[in-house]
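Fold and contact review
Residue-level listing of the chains:
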Amino acid sequence: MYKSIQALFICLTVILSGISCGEEVKDTDSRKDQEKTPPNIVVIYLDDLGYGDVSAYGATEISTPNIDKLAKEGLRFTNGYAAAATCTPSRYSLLTGVYPWRNKDAKILPGTAPLLIDTAQMTIPKMLRKKGYYTGVVGKWHLGLGAGNVDWNRHIAPGPNEVGFDYAYIMAATQDRVPTVFIENGYVAHLDPSDPIEVSYQHNFPGQPTGRDNPELLKMMWDHGHDQTIVNGISRIGYMKGGETAKWVDENMADTFLVRAQQYVTDHRNQPFFLYYALQQPHVPRTPHDRFVGKTGMGPRGDAIIEADWCIGEFMKTLEGLGLLENTLVVLSSDNGPVVNDGYKDESIEKLEKHTPAGVLRGGKYSLFDAGTRVPFITYWSGHINPGVSDAMISQVDFLSSFAELAGSDQRTPDSEQLLDVLLGKQQTGRKEIVLEATSRTAMRQGDWVLIPPYPGPAVNKFVNIELGNSSEYQLYNLKDDISQKHNLATSNPEKLQQMIADFERIRGNANENVEALELK
Ligand code: NG6
Ligand code: CA
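The following paragraphs examine the structure supplied in this document. (Residues numbered from 1 in each chain as written. Chains lettered and ligands numbered in written order. Predicted model: local features only at pLDDT ≥ 70, side-chain atom pairs only at ≥ 80, totals over all residues. Heavy atoms only, no water.)

The next subject is the coordination of the calcium ion (ligand 2). Put simply, a metal with four donors set out as a tetrahedron has ideal angles of 109.5 degrees, and one with six donors set out as an octahedron has ideal angles of 90 or 180 degrees. Within the protein, Asp47 (OD), Asp48 (OD), Asp335 (OD), Asp335 (OD) and Asn336 (OD1) serve as the donor atoms for the calcium ion (ligand 2), at 2.2 to 2.7 Å. For the calcium ion (ligand 2), the six donor atoms in the first shell make angles of 51 to 173 degrees at the metal, a pattern classed as irregular. Mapping the donors of the calcium ion (ligand 2) onto the primary sequence gives the spacing D-D-x286-D-N. Of this pair, Asp48 sits in the loop between strand 1 (40-46) and helix 2 (65-73) while Asn336 sits in the loop between strand 12 (328-334) and strand 13 (377-380); the two residues are 288 residues apart in sequence, bridging distant segments of the chain. Residues Asp48 and Asn336 agree in their burial class; the two are buried. (Donors = N, O, S within 2.8 Å, 3.2 Å for Na, K, Ca; no water. Tetrahedral: all angles 85-135°; square planar, octahedral: opposite > 155°, others 65-115°. Helix = DSSP H or I, 4+ residues; strand = E, 2+ residues; numbered from the N terminus. Buried < 20%, exposed > 50% of the residue type's maximum accessible area, 1.4 Å probe, protein only.)

What follows covers empty space enclosed by the protein. One pass over the structure, following the stated rule, counts six cavities of 30 Å³ or more. At the level of secondary structure, the elements contributing two or more residues to the lining of the second largest cavity comprise strand 4 (167-171) and strand 5 (182-184). Of the residues belonging to the lining of the second largest cavity, the class tally is six nonpolar, five polar and two charged. (1 Å grid on protein atoms, 1.4 Å probe; cavity = no way out; pocket = protein on both sides within 12 Å on 5 of 7 lines; lining within 4 Å. Points joined across faces, edges and corners; volume = space filled by probe spheres on them. Nonpolar A, V, L, I, M, F, W, Y, C, P; charged D, E, K, R; others polar.)

Before going further, it helps to examine unusual backbone geometry. That bond from Ala157 to Pro158 is cis: its omega, 0 degrees, falls within 30 degrees of zero. Here Pro158 shows up in the loop between strand 3 (134-140) and strand 4. Of the consecutive residues Val178 and Pro179, the connecting peptide bond is found in the cis state with omega at 0 degrees. Relative to the assigned elements, Pro179 resides in the loop between strand 4 and strand 5. Of note, His142 is a non-glycine position whose phi angle comes to about 60 degrees, a positive value. Of note, His142 is situated in the loop between strand 3 and strand 4. Taking relative accessible area as the criterion, His142 reaches 2% and is therefore assigned buried. For Glu347, which is not glycine, the phi torsion reads 65 degrees and is therefore positive. Structurally, the position occupied by Glu347 is in the loop between strand 12 and strand 13.

Around ligand 1, the surrounding shell holds 20 residues, and the nearest of these are Cys87, Asp176, Arg177, Asp342 and Lys365. Here an oxygen atom of ligand 1 sits 3.0 Å away from a polar atom, N or O, in the side chain of His283. Interatomic distance of 2.8 Å between a side-chain N/O atom of Lys365 and an oxygen atom of ligand 1. About the coverage of ligand 1: the protein hides 95% of its 450 Å² of free accessible area. Tallied by class, residues from the shell around ligand 1 come to six nonpolar, seven polar and seven charged. (Near = heavy atom within 4 Å. Polar contact = N/O pair within 3.5 Å; in protein donor to acceptor, adjacent residues only side chain to side chain. Areas by Shrake-Rupley, 256 points an atom, 1.4 Å probe, with all protein chains shown as cover.)

Turning our attention to the sheet that holds strand 12. Pairing within the open sheet is mixed, and its ten strands lie in the order 6-5-4-3-11-1-12-13-2-14. Two strands bound the open sheet, and with one partner strand each, they are strand 6 (187-188) and strand 14 (388-395). Two elements, strand 2 (residues 75-81) and strand 13, share two bridges in a ladder whose sense is antiparallel. Following the sheet pairing, Leu75 is matched in strand 13 by Thr379. Against the sheet, helix 3 (residues 87-96) makes contact with strand 1, strand 3 and strand 11 (273-278), and its axis sits at roughly 170 degrees relative to strand 1, the strand it touches most. On top of the sheet, helix 6 (residues 299-321) reaches strand 1, strand 11, strand 12 and strand 13; it is set at about 170 degrees to strand 1, its chief contact. (Pairing = 2+ DSSP bridges. Contact = heavy atoms within 4.5 Å. Axes fitted to C-alpha atoms, helices over the stretch in contact; angles between N-to-C directions.)

Remark: helix 5 (residues 253-267) packs on helix 6, axes separated minimally by 10 Å, with the N-to-C direction vectors making an angle of 15 degrees. Here helix 6 runs roughly parallel to helix 5, going by the angle between their axes. Viewed along their axes, helix 5 and helix 6 form a crossing whose handedness is right-handed. Across the interface between the two elements, Ala254, Asp255, Leu258, Ala261, Gln262, Val265 and Thr266 from helix 5 touch Glu307, Trp310, Cys311, Glu314, Phe315, Thr318 and Leu319 from helix 6. Class assignment for the residues of the contact of helix 5 with helix 6 results in eight nonpolar, three polar and three charged. (Parallel < 35°, antiparallel > 145°, perpendicular 65-115°, else oblique. Left-handed = near helix turned anticlockwise from the far one by under 90°.)

So, about the pairing of strand 1. Strand 1 sits mainly inside the fold: seven of its seven residues count as buried. Neither face of strand 1 is open: one carries Asn40, Val42, Ile44 and Leu46, the other Ile41, Val43 and Tyr45, and all of them are buried. Here strand 1 pairs with strand 12 via seven bridges, running parallel. If you follow Tyr45 over to strand 12, its bridge partner there is Ser333. Note: strand 1 against strand 11, five bridges, orientation parallel. Counted as the bridge partner of Ile44 is Tyr277 from strand 11.

Moving on, we get to the environment of Glu251. Here Glu251 shows up in the loop between strand 10 (239-241) and helix 5. Residue Glu251 is classed as partly exposed on the basis of its relative accessible area of 23%. Counting along the chain gives 55 residues from Glu251 to Ile306, while the straight-line C-alpha distance between them is 14 Å. A polar contact is formed between the side chain of Glu251 and the side chain of Lys219, at a distance of 3.0 Å.

So, on to the pattern of salt bridges. Following the criterion strictly, the structure yields 31 salt bridges and no others. Across the salt bridge formed by Lys104 and Asp105, the nearest N and O atoms sit 3.4 Å from each other. Assessed through its relative accessible area of 65%, Lys104 is described here as exposed. The structure contains a network of salt bridges with shared partners spanning Asp47, Arg91, Lys140 and Asp335. (Salt bridge = Lys/Arg side-chain N within 4 Å of Asp/Glu carboxyl O.)

Below, the structure written as structure tokens:
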């Protein structure tokens, strides 16, 4: 009953926001000064979307018309990077302008992890707030909450509000981790105090079924990991008890985040705003709404991608309806590369057929090869960005300094290069070099060359079937002639190798310290 009321509320809000969007088209007077005020900034961030998952990036088996429209009418980057090959470190870098390997705790976090960003640290929303922006995050957080031992039934802090966000509507970690609830400005949404939430990543609560012991209760079977508390017929990582009325409905998650994102831009249309809209797709568990089920023939992974694409289209329609397209820089990217089987038997492998989520790149999520971090990366700003393609090298770690320049702030961080003109297509030369991270290991791209130092561990992670980049030898690739990183030139180019090692160690220090192998159960 409660869930159907929630669904009705979502529908009504979509309809109502659509109506108010229509009215706002006429409201141009209040934005007469828009050339003088800095533009709104929206970061649309996908979760595990690969370089080859988007038709604008060459996918032929799947169609993403709304992302393609942004790419066609904006700037499509061919060398845009996430800071890391997994979520938490990439998001940390995006928001702080600091490379993830500078913070030893920047790794995939459990849902109970404390806040990873120091509340004294500079962040994009903090910087923008100083310049008069209203700042918001809607979607996946995965940067920790609280200071350890969070009581989910009280105000949860510190969190996004304490690192610069005026508004936050988030899931704590990932869709496959407990707690499976939304948190609005530090409070679990729709929580019934008489049914308190308890969360543990160590032990189960008496009487709670798990995916391991009660597979008969599952609608989606786990493959590796993900065999703990069952919510909505899907077992998760971690244990959770209580909070029945607050639990999300997985199939409605995309609509829930979309409505909040639309509401946010509608509410703040008359002031500069920043929105970090972090979609959950196509991360596991892939649970597209019925409207998208079966639409790609590729199983839940493909269907979740087109659901995300639809959300992006609807969100852009709202911006357009509000008359904000000429006054909003939209940046779209992904937190890391693609993975097909990431722990559930969801037919993603069986139905993949000719689709190549990584495109021509080697590796995928968790990998030091390029598919781990080279991701779809698009900028769009109607009337300000000339449509085209940019081959400039750029990283999400550069957003802080570049957005600062756009907003008239002199805030910079050493790792974050000020590349606003590159983002806007006025300059074709981006970074000279970039340090890439994958599960606490690092590599470096410099110009067309990539250096991957030797690392212990398996060459291929057998659970996800992805080449991680581990080898006992140095690896050296030249992407200009070998975008798929097939030919190790380390032996044939000893001078280049030595120069790259020297530069890498100058920037990174001893990369082989503190290396931990990725553990996937
Ligand atoms: C891994 C999970 C994977 C995913 C990932 C985080 C297992 C076996 N695998 O540990 O399913 O949740 O963490 O993904 O538990 S990320 O995109 O948020 O970094
Ligand atoms: Ca991710």
